[in-house]
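Per-entry structural report
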Amino acid sequence: MTQENQSTLHPELVLGDVLPSYNDNNNSNHLYVSLSELVMDRVFYHPSIESHLDTLSDIEQTSLDAILGGKSVDEHFVSTLVTAIQVAVQPNHASVRIALSNADSCGFRSLLGGNCEVEEVNPAFGVRGVARYATQEYSKAFALECQVVKALREQGINVEVVVPYVRALSDAAKIIDLLAEQGLPRGLNGLKVLFSCDVPSAVLLSERLLHYFDGVVVNVDSLASFTLGVDKQNEAQQHAFDPQNEAVITLLDMIVKATQNAKKPVLLVTQGLVDYPRLQGYIADLEGVETVVTA
């Protein structure tokens, strides 16, 4: 977001810092990191590519070799992400909230080696978030994501984990177990784990989900898409995408109330907030809610 665009935002909004950075630094106390976007921006290849090297064309293999620069996939993947996050961390950042991969199969297929992804009829409703981490096919890549978190925490950086696409209580139990298996048990050395509200079920179950987690990140755009049944990427439907819709605001009210009752933090992540003045006003009136504008 440019400075010109940012000047049109509600003056009382508390904006967070984000990586990859699409907006000016807001001098927030927290840094929000999207691993999916960082992989697209800095890594360029599918996290599971090492298990599918035999499927690469000669051109793809040459491209991968150039990217790796003599490193193994594991070493390059972890070191690239760790370095990018290290550079972005500022002295004012009390914590770094790292969102695990939330991309769908379509997004992963766009990466080098992405042909290892099974084509889904409707990727948005497909295997993503916790459902993806729990698969055997993605288990190695999930372990690499956890290595990034562990490496940063070992350097004294206060990393909090954000888990996207928690759709049911069983997802909550599953991800807490999966993180513990990777050496990231919730609560150990102060590790906090938050869940992301991407779908209405996460909001409806929020009071119970908060027993498993230390806070909430609301992906406003994703929540609006699933609530309204509108694909924002479909040009024919873009006019119907409206995060200011009463149904979306009702769900936001529910999740904010649940977090306030639980005395746990809530963070709103959204794109193009400048285009939605009513949503800006609504968020500005909320107490204790930080907003991350990603684009």
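Cut-offs applied
Residues numbered from 1 in each chain as written. Predicted model: local features only at pLDDT ≥ 70, side-chain atom pairs only at ≥ 80, totals over all residues. Heavy atoms only, no water. UniProt positions renumbered as here; feature names shortened; annotations may be inferred. 1 Å grid on protein atoms, 1.4 Å probe; cavity = no way out; pocket = protein on both sides within 12 Å on 5 of 7 lines; lining within 4 Å. Points joined across faces, edges and corners; volume = space filled by probe spheres on them. Helix = DSSP H or I, 4+ residues; strand = E, 2+ residues; numbered from the N terminus. Nonpolar A, V, L, I, M, F, W, Y, C, P; charged D, E, K, R; others polar. Buried < 20%, exposed > 50% of the residue type's maximum accessible area, 1.4 Å probe, protein only. Pairing = 2+ DSSP bridges. Right-handed = clockwise from strand over helix to strand, strands pointing away.

Taking an unreviewed UniProt entry as the reference, the chain is identified by name as Phosphoenolpyruvate synthase belonging to Vibrio chagasii. Quoted verbatim from the Sequence similarities (unreviewed entry) field of the UniProt record, the comment on the chain reads "Belongs to the PEP-utilizing enzyme family."

**Observations concerning the layout of surface pockets**
Size it by volume and the largest pocket reaches roughly 1000 Å³. What lines the largest pocket is a set of 38 residues, and nearest its centre among them are Asp 104, Arg 128, Tyr 165, Ser 222 and Gln 233. The greatest single-element share of the lining of the largest pocket, amounting to four residues, is contributed by helix α11 (residues 220-228). Per-class residue counts for the lining of the largest pocket are 16 nonpolar, 15 polar and seven charged. In this structure, the second largest pocket occupies an estimated 250 Å³ of space. Considering the residues around the second largest pocket, the lining is formed by 13 residues, among which Cys 116, Glu 117, Val 118, Arg 132 and Glu 137 are closest to the centre. Looking at the lining of the second largest pocket residue by residue, the classes come out as four nonpolar, five polar and four charged.

**Focus: the pairing of strand β5 (residues 193-197)**
Most of β5 sits out of view: five of its five residues are buried. Side chains Val 193, Phe 195 and Cys 197 project from β5 onto one buried face, and the interleaved Leu 194 and Ser 196 project onto a second face that is buried too. The pairing of strand β4 (residues 159-163) with β5 spans three bridges and is classified as parallel. Across the sheet, residue Val 161 finds its bridge partner in β5, namely Val 193. Crossover handedness for the path β4 to helix α8 (residues 169-181) to β5: right-handed. In terms of strand pairing, β5 meets strand β6 (residues 216-219) through three bridges, oriented parallel. Directly across from Ser 196, in β6, lies its bridge partner Val 217.

**A short note on the environment of Ala 143**
The topology assignment puts Ala 143 in helix α7 (residues 139-154). Considered as a pair, Ala 143 and Gln 182 are 39 residues apart in the sequence and their alpha carbons are 6.6 Å apart.

**Section: the UniProt feature "domain: PEP-utilising enzyme C-terminal" (unreviewed entry) in the chain**
Here, UniProt's "domain: PEP-utilising enzyme C-terminal" (unreviewed entry) annotation points to residues 104-266. Overall, residues 104-266 shows 45% helix and 9% strand. The separation of its end C-alpha atoms is 24 Å.

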